[in-house]
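Commentary on secondary and tertiary structure
So you can see what is in the structure, the chains are spelled out below.
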Amino acid sequence: MKFGILVSEGPYTHQAADTAYQFAKAAIEMGHEIQRVFFYHDGVYNATRLTEPPQDDRHIVNRWSALNAEHKVDLVVCVAAALRRGIKDEVLAPGFRISGLGQLVDSGIKADRMVTFGD
(Lines give C-alpha, C1' and ligand atoms only; values in the text may rest on other atoms or scores of the structure.)
Protein backbone atom coordinates (compact mmCIF):
# COMPACT_ATOMS: atom_id res chain seq x y z
CA MET A 1 0.00 0.00 0.00
CA LYS A 2 1.15 3.55 -0.72
CA PHE A 3 0.60 6.18 1.99
CA GLY A 4 0.61 9.95 1.89
CA ILE A 5 1.15 11.67 5.22
CA LEU A 6 0.13 15.16 6.30
CA VAL A 7 1.77 16.62 9.43
CA SER A 8 0.25 19.86 10.71
CA GLU A 9 1.75 20.16 14.20
CA GLY A 10 5.24 21.18 15.21
CA PRO A 11 7.70 18.96 17.02
CA TYR A 12 7.76 19.05 20.83
CA THR A 13 4.37 20.80 21.16
CA HIS A 14 2.06 17.89 20.34
CA GLN A 15 2.41 14.16 19.79
CA ALA A 16 1.46 14.44 16.09
CA ALA A 17 5.00 14.71 14.67
CA ASP A 18 6.28 11.77 16.74
CA THR A 19 3.28 9.64 15.85
CA ALA A 20 3.57 10.49 12.15
CA TYR A 21 7.25 9.52 12.16
CA GLN A 22 6.55 6.25 13.99
CA PHE A 23 3.71 5.47 11.58
CA ALA A 24 5.93 6.11 8.55
CA LYS A 25 8.76 4.02 9.95
CA ALA A 26 6.44 1.11 10.84
CA ALA A 27 4.72 1.25 7.43
CA ILE A 28 8.07 1.04 5.65
CA GLU A 29 9.19 -1.85 7.86
CA MET A 30 5.97 -3.69 6.91
CA GLY A 31 6.74 -3.27 3.21
CA HIS A 32 4.48 -0.30 2.47
CA GLU A 33 5.57 2.83 0.60
CA ILE A 34 5.43 6.38 1.90
CA GLN A 35 4.63 8.40 -1.20
CA ARG A 36 5.24 11.76 0.49
CA VAL A 37 5.17 13.49 3.86
CA PHE A 38 3.72 16.99 3.57
CA PHE A 39 4.36 19.45 6.41
CA TYR A 40 1.68 22.12 6.77
CA HIS A 41 0.76 24.86 9.29
CA ASP A 42 3.03 24.52 12.37
CA GLY A 43 4.18 21.18 10.98
CA VAL A 44 6.74 23.13 8.95
CA TYR A 45 8.79 23.47 12.15
CA ASN A 46 9.68 19.78 11.71
CA ALA A 47 11.92 20.85 8.84
CA THR A 48 14.24 23.43 10.38
CA ARG A 49 17.87 22.55 11.02
CA LEU A 50 17.89 25.22 13.74
CA THR A 51 16.14 22.84 16.15
CA GLU A 52 18.41 21.89 19.06
CA PRO A 53 16.71 19.65 21.62
CA PRO A 54 18.51 18.68 24.84
CA GLN A 55 20.97 15.79 24.47
CA ASP A 56 18.73 13.39 26.37
CA ASP A 57 15.68 14.15 24.20
CA ARG A 58 14.76 12.75 20.80
CA HIS A 59 15.70 14.85 17.76
CA ILE A 60 12.55 14.73 15.64
CA VAL A 61 14.02 16.76 12.76
CA ASN A 62 17.00 14.41 12.48
CA ARG A 63 14.63 11.42 12.51
CA TRP A 64 12.80 12.79 9.47
CA SER A 65 16.09 13.54 7.71
CA ALA A 66 17.28 9.98 8.37
CA LEU A 67 14.02 8.57 6.99
CA ASN A 68 14.65 10.52 3.80
CA ALA A 69 18.28 9.41 3.59
CA GLU A 70 17.53 5.73 4.24
CA HIS A 71 14.27 5.29 2.32
CA LYS A 72 14.11 8.28 -0.07
CA VAL A 73 10.86 9.49 1.51
CA ASP A 74 9.83 12.79 -0.09
CA LEU A 75 9.64 15.43 2.68
CA VAL A 76 7.77 18.50 1.43
CA VAL A 77 7.28 21.72 3.35
CA CYS A 78 4.41 24.03 2.39
CA VAL A 79 5.90 27.25 1.02
CA ALA A 80 3.17 29.57 2.32
CA ALA A 81 3.16 28.08 5.82
CA ALA A 82 6.97 28.09 5.92
CA LEU A 83 7.36 31.72 4.84
CA ARG A 84 4.76 32.84 7.41
CA ARG A 85 6.96 31.26 10.07
CA GLY A 86 10.31 32.50 8.76
CA ILE A 87 11.43 29.17 7.32
CA LYS A 88 13.32 29.43 4.05
CA ASP A 89 15.51 27.07 2.02
CA GLU A 90 18.66 28.09 3.90
CA VAL A 91 17.33 26.78 7.23
CA LEU A 92 15.93 23.47 5.98
CA ALA A 93 17.36 20.28 7.45
CA PRO A 94 18.78 17.72 5.01
CA GLY A 95 16.16 15.87 2.98
CA PHE A 96 13.44 18.53 3.16
CA ARG A 97 12.28 20.70 0.27
CA ILE A 98 9.86 23.59 -0.02
CA SER A 99 6.97 23.41 -2.48
CA GLY A 100 3.32 24.34 -2.84
CA LEU A 101 0.00 22.82 -1.90
CA GLY A 102 -0.10 21.10 -5.29
CA GLN A 103 2.26 18.52 -3.79
CA LEU A 104 -0.33 17.72 -1.14
CA VAL A 105 -3.04 17.32 -3.77
CA ASP A 106 -0.70 15.16 -5.86
CA SER A 107 0.00 12.96 -2.85
CA GLY A 108 -3.72 12.57 -2.19
CA ILE A 109 -4.25 11.45 -5.77
CA LYS A 110 -1.29 9.06 -6.03
CA ALA A 111 -1.43 7.47 -2.57
CA ASP A 112 -3.84 4.68 -1.66
CA ARG A 113 -4.43 6.33 1.72
CA MET A 114 -3.81 9.83 3.05
CA VAL A 115 -3.19 9.91 6.80
CA THR A 116 -3.31 13.19 8.76
CA PHE A 117 -1.48 13.87 12.02
CA GLY A 118 -2.44 16.99 13.95
CA ASP A 119 -5.39 19.36 14.04
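Going by the structure above, here's the rest.
Residues numbered from 1 in each chain as written. Predicted model: local features only at pLDDT ≥ 70, side-chain atom pairs only at ≥ 80, totals over all residues. Heavy atoms only, no water.

Further remarks concern the overall build of the protein. Looking only at helices and strands, the protein features four helices and five strands. Reading the helices (α) and strands (β) of the protein from amino to carboxyl end gives β-α-β-α-β-α-β-α-β. In summary, the protein has a C-alpha radius of gyration of 13 Å against a globular reference of 14 Å for 119 residues, a match within 12%. C-alpha extents for the protein along the principal axes are approximately 35 × 30 × 25 Å. (Helix = DSSP H or I, 4+ residues; strand = E, 2+ residues; numbered from the N terminus. Rg over C-alpha atoms; globule rule 2.2 N^0.38 Å.)

Bringing the sheet that holds strand 1 (residues 2–7) into the picture now. What the five strands build is an open sheet, ordered 4-3-2-1-5; its pairing is parallel. Strand pairing shows two members of the sheet lacking a second neighbour, strand 4 (96–99) and strand 5 (113–117), which therefore form its edges. The average undirected angle you get between the axes of adjacent strands in this sheet is 25°. Both strand 1 and strand 5 contribute to a ladder of five bridges, which runs parallel. (Pairing = 2+ DSSP bridges. Axes fitted to C-alpha atoms, helices over the stretch in contact; angles between N-to-C directions.)

Given 3.6 residues per helical turn, the α-helix brings residues three or four places apart onto the same face. If you check helix 1 (residues 16–29), its first and last C-alpha atoms are 20 Å apart, about what 14 residues at 1.5 Å a residue would give, namely 20 Å. Considered for burial, the residues of helix 1 that qualify are Ala 16, Ala 17, Asp 18, Ala 20, Tyr 21, Ala 24, Ala 27 and Ile 28. Against strand 1, strand 2 (33–39), helix 2 (60–71) and strand 5 lie the buried residues of helix 1. Two residues or fewer past helix 1, Gly 31 is found with a positive phi of approximately 95°. (Expected span 1.5 Å × (residues − 1). Buried < 20%, exposed > 50% of the residue type's maximum accessible area, 1.4 Å probe, protein only. Contact = heavy atoms within 4.5 Å.)

Core analysis: the largest hydrophobic core is formed by 35 residues, its most contacted members being Ile 34, Val 37, Trp 64 and Phe 96. Of all the elements in the fold, those that place two or more residues in this core are strand 1, helix 1, strand 2, helix 2, strand 3 (75–78) and helix 3 (79–84). Ranked by the residues each element gives to this core, the list is headed by helix 1, at seven residues. (Core = buried A, V, L, I, M, F, W, Y, C linked by side-chain atoms within 4.5 Å.)

Before going further, it helps to examine the pairing of strand 4. The sheet contact formed by strand 3 and strand 4 spans four bridges and is parallel. Note on strand 4: the bridge partner recorded for Val 77 is Ile 98. After leaving strand 3, the chain enters helix 3 and then returns to the sheet as strand 4, a path that is right-handed. (Right-handed = clockwise from strand over helix to strand, strands pointing away.)

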